[in-house]
Amino acid sequence: MGGRTVQKADKVCSITICSPDLNIKIATNAIILPQLTQFLPTFKVSYIDLKEYSTLSLADPNCFAPAKIDMVLGSDILPQILIPGLKTNVAGSLIAQNTIFGWILSGPLKEQISTFSTQVVETQKEFLEDLLKRFWEQEEVPSASSLKDDDLICEELYKSTTIRRNDGRYVVKLPFKDSFPNSIALGHSRPAAQQQYLSVERSIKKKPELRTTYSNVLAEYLTLDHMEPTTPREIIRDGKYFSFYLPHHAVLKPDSKTTKVRVVFNASKRSHSGISLNDVLHTGPVLQNDLMVVILNWRLYKYVFNGDIEKMYRQIYVHKEDQDFQRILFRQFPQGQVEDFKLKTVTFGVNCAPYLAIRTLQQLAEDCKAELPLATNVLLRETYVDDILSGGHNIQSIRETMTQLIEALKSAGFPLKKMTANHPEILESIPESDLLDADFLKFHDSSSTKTLGVRWNALEDSFFYSYNPISDAHSATKRYILSSVAKLFDPAGWLSPIMIVAKTLLQELWMEGTDWDEHVKPGSLLKWKSFTEDLSAIGDIKIPRWVKFTPNVPTQIHGFSDASEKAYCA
């Protein structure tokens, strides 16, 4: 038994496999490895009489002599290279199979020879350096981005193929790259998706409540006509795959008042060809409004409301010919069979989903501009993905805006739910089922919500922070410190006086050369301990939501900046 060798590969190249006469060509992808195998076979097989199959044109005439192996073909390629022709009892124990390369031999030999097997496993790792970089870039002023050629392709495709059904819902196409499927092709993906699904089932088997909720979430897709059964066979035309199975797993959201479990689909999982669905799709341009601009704009209104477009992605349908690229496996009943389904709507986890969803909201804004102009402004400027933050300077204007918005969204099948406001008259005409809480604005505890990651109490009309104590402050590694600090979400920068302490500590750890999983030095540990003790004070911070702005009243803006040896702020 040979030892197990693990190699890491980060390069994939496109190749074309050809028959000797060049009449048959197979486009695929190859994973590049530093070393494939040793010479095979390990010694020359001499007892077989070559005359017995001299009439066969072998793919490798020297197959019994040790030689270097340049390429290993996977099982996804095998059906494409086999052609009619099979001979048994060759040399007494071998089988000869005809292929596009010539005849190949398989079967047992009298002599024991070395064999090998290869398993390819995809690893997904988020580099901590990138996380650290994004941690610093979070407070940078965003720069205006220009559309790239790929973005323009997505836009033209959206305009030319998007339709609106009789019920008002939008139907969009997935933006496939021009190189698909000729230059980059998918391989089979069902076995990997099945393996993941069975693994998820085993992991949640010990948690009956989670298992039931997980199944109910997927069953809801059927109830709402967001998916439908399909055949258990992958779609192959001319040796190319035109279907893709999305692995999925559960993500717990304990802080959510409504959706405690979300099913996440993984379109980045590579198929057997080394290519994933996301690899063959354009991502599309970034269209969402800047997070801080939306929050700051919301602070200008005296009266405000907030709402969430329920299941926004899933209210947009995908053209029928593209739905087979969104297949999943699911067992409807604990003792039932694992069945095949295809998702009919825009699916979170597919890289172009955010673009398609936000672009559709923009299209809705354009389509209702003449009849519902107030809704158009909200959809274009006061929306962040599926969250809407709008308002007005008097009750009458805000109710008119809200009425137009609800009407516009409803016309396209977008229900506005989890609604909140800072004055009870704003919500008077809203059904209780559309409110975040029936007791909203009645009690302090029931009047708090998270708005774009920032907590807001509508009764007090102020922003505040919740605090989860950081455990094990007496022993910490650089990895643990970065992870703990990154959990403190502060897009507005209101916690800068506190956060700057953590950021300078991270800089010091970097300069000290501390490894990611190494315990930090005593001096740094003392600073970290002091920082975690001070964190409890953020629970007392409250920031008024309204900045007392009134239209047509003179307003002054004062700016302050400061700098020290370690940092600067403005």
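Since the model is a prediction, treat every value here as computed from it, not as a measurement.

K.L.:
What am I meant to see in the nonpolar core here?
P.N.:
Soluble globular proteins: nonpolar side chains tend toward being buried together. Ranked by size, the top nonpolar core spans 94 residues in total, and within it L277 and L409 carry the most contacts. For this core, the element with the highest residue contribution is helix α7 (residues 353-367), accounting for 7 residues. Once residues lying within four places of it in the same chain are set aside, the contact partners of L277 are F176, L186, F244, L246, A267, F325 and V350.

K.L.:
Could you clarify how one ought to interpret a nonpolar patch on the surface in this entry?
P.N.:
A cluster of nonpolar side chains, V12, I31, L33, L36 and V72, forms an exposed patch at the surface whose accessible area comes to about 330 Å². Among the structural elements, V12 can be located in strand β1 (residues 12-18).

K.L.:
How do you make sense of the side chain of T345 when you look at a structure like this?
P.N.:
With respect to the secondary-structure elements, T345 resides in the loop between β16 (339-343) and α7. Residue T345 is classed as buried on the basis of its relative accessible area, which comes to 1%. Residues within four places of T345 in sequence aside, it is in contact with H226, Y313, R314, I316, Y317, V318 and Q326.

K.L.:
Can you help me understand the pattern of salt bridges in this one?
P.N.:
Pairing between side chains of opposite charge can happen when their charged atoms approach one another. Under the counting rule described, the total for this entry stands at 26 salt bridges. The salt bridge partner of K311 is E310, with a shortest N-O separation of 3.9 Å. Looking at E310, the relative accessible area reads 29%, which means it is partly exposed. Through salt bridges with shared partners, a single network forms among D225, E228, K320, K342 and K344.

K.L.:
In this structure, what is going on with the sheet that holds strand β15 (residues 327-330)? I would like to understand it.
P.N.:
Note on sheets: strands pair through backbone hydrogen bonds, and any given pair is parallel or antiparallel. Within the open sheet, the 3 strands sit side by side as β8-β16-β15. Their pairing is antiparallel. Looking along the sheet, the strands with just one partner apiece sit at the ends: β8 (227-229) and β15. Pairwise comparison of adjacent strand axes, ignoring direction, gives a mean angle of 35 degrees for this sheet. Against the sheet, helix α4 (residues 190-204) touches β15 and β16, its axis set at about 40 degrees to β15. Seen against the sheet, helix α5 (residues 208-223) touches β8, β15 and β16 and runs at an angle of roughly 85 degrees to β8.

K.L.:
Just to check I follow, could you spell out the packing of aromatic side chains for this structure?
P.N.:
Centre-to-centre distance and the angle between the planes together describe a pair of aromatic rings. Going through the model one piece at a time under the given rule, you end up with 13 aromatic pairs. Considering the side-chain rings of F176 and F180, the 5.2 Å spacing of their centres and the 20 degrees angle between planes classify their relative orientation as stacked. Under the relative-accessibility criterion, F176 is labelled buried at 18%. We classify F180 as buried; its relative accessible area is 11%. Where Y313 meets F348, the ring centres are 5.8 Å apart and the plane angle is 50 degrees; that geometry is what we call tilted. With Y313 in the loop between β13 (303-309) and β14 (317-318) and F348 in the loop between β16 and α7, the pair connects residues that are 35 residues apart, well separated along the chain. Each member of the aromatic cluster is reached from another via a ring pair, and the members are F176, F180, F242 and F325. The cationic tip of R314 hangs over the ring face of Y221; the distance from NZ or CZ to the ring centre is 3.7 Å.

K.L.:
What should I look at first to understand the sheet that holds strand β5 (residues 102-106) in this one?
P.N.:
Ordered by their spatial adjacency, 3 strands build an open sheet running β3-β4-β5, and the pairing between neighbours is antiparallel. Every interior strand has two partners, whereas the edge strands, β3 (82-90) and β5, have only one. Pairwise comparison of adjacent strand axes, ignoring direction, gives a mean angle of 20 degrees for this sheet. Bridge analysis of β3 against strand β4 (residues 94-99) gives 4 bridges, and the strand direction is antiparallel. Within the sheet, the bridge partner assigned to V90 lies in β4 and is L94.

K.L.:
Looking at this model, I keep getting lost on the pairing of strand β21 (residues 454-457). Mind explaining?
P.N.:
Strand direction decides the pairing type here: strand β20 (residues 448-451) and β21, joined by 4 bridges, are antiparallel. When the sheet's bridge partners are listed, K450 is paired in β21 with R455. Hairpin connection from β20 to β21: 2 residues lie between these consecutive antiparallel strands, with L452 at a positive phi of about 50 degrees. Relative to strand β22 (residues 462-464), β21 runs antiparallel, the two sharing 3 bridges.

K.L.:
I'm lost on α7 in this one. Help?
P.N.:
Note on helix geometry: an α-helix contains 3.6 residues per turn, so any two residues three or four positions apart are oriented the same way. For α7, with 15 residues, the first-to-last C-alpha span of 21 Å sits near the 21 Å given by 1.5 Å per residue. The element α7 is extensively covered by neighbouring structure, given that 11 of its 15 residues are classed as buried. Turning to α7, its buried residues are A353, Y355, L356, A357, I358, R359, T360, L361, Q363, L364 and A365.

K.L.:
Please explain unusual backbone geometry as it appears in this structure.
P.N.:
Trans peptide bonds make up the majority, and among non-glycine residues the majority have a negative phi. With an omega of 5 degrees, the peptide bond running from F180 to P181 counts as cis. With respect to the element layout, P181 can be found in the loop between β7 (170-172) and α4. Unlike most non-glycine residues, L22 shows phi in positive territory, near 65 degrees. Mapped onto the elements, L22 comes out in the loop between β1 and β2 (25-31). For L22, a relative accessible area of 53% puts it in the exposed group. Not every positive phi belongs to a glycine, and D238 is a case in point at roughly 55 degrees. By the element assignment, D238 lies in the loop between β9 (236-237) and β10 (240-241).

Criteria and thresholds
- Residues numbered from 1 in each chain as written.
- Predicted model: local features only at pLDDT ≥ 70, side-chain atom pairs only at ≥ 80, totals over all residues.
- Heavy atoms only, no water.
- Core = buried A, V, L, I, M, F, W, Y, C linked by side-chain atoms within 4.5 Å.
- Buried < 20%, exposed > 50% of the residue type's maximum accessible area, 1.4 Å probe, protein only.
- Helix = DSSP H or I, 4+ residues; strand = E, 2+ residues; numbered from the N terminus.
- Contact = heavy atoms within 4.5 Å.
- Patch = residues over 30% accessible without salt bridge, like charges linked within 9 Å, V, L, I, M, F, W, Y side chains within 5 Å.
- Areas by Shrake-Rupley, 256 points an atom, 1.4 Å probe, with all protein chains shown as cover.
- Salt bridge = Lys/Arg side-chain N within 4 Å of Asp/Glu carboxyl O.
- Pairing = 2+ DSSP bridges.
- Axes fitted to C-alpha atoms, helices over the stretch in contact; angles between N-to-C directions.
- Phe/Tyr/Trp six-rings, centres within 6.5 Å; stacked < 30°, edge-to-face > 60°.
- Lys NZ or Arg CZ within 6 Å of the ring centre and 35° of its normal.
- Expected span 1.5 Å × (residues − 1).

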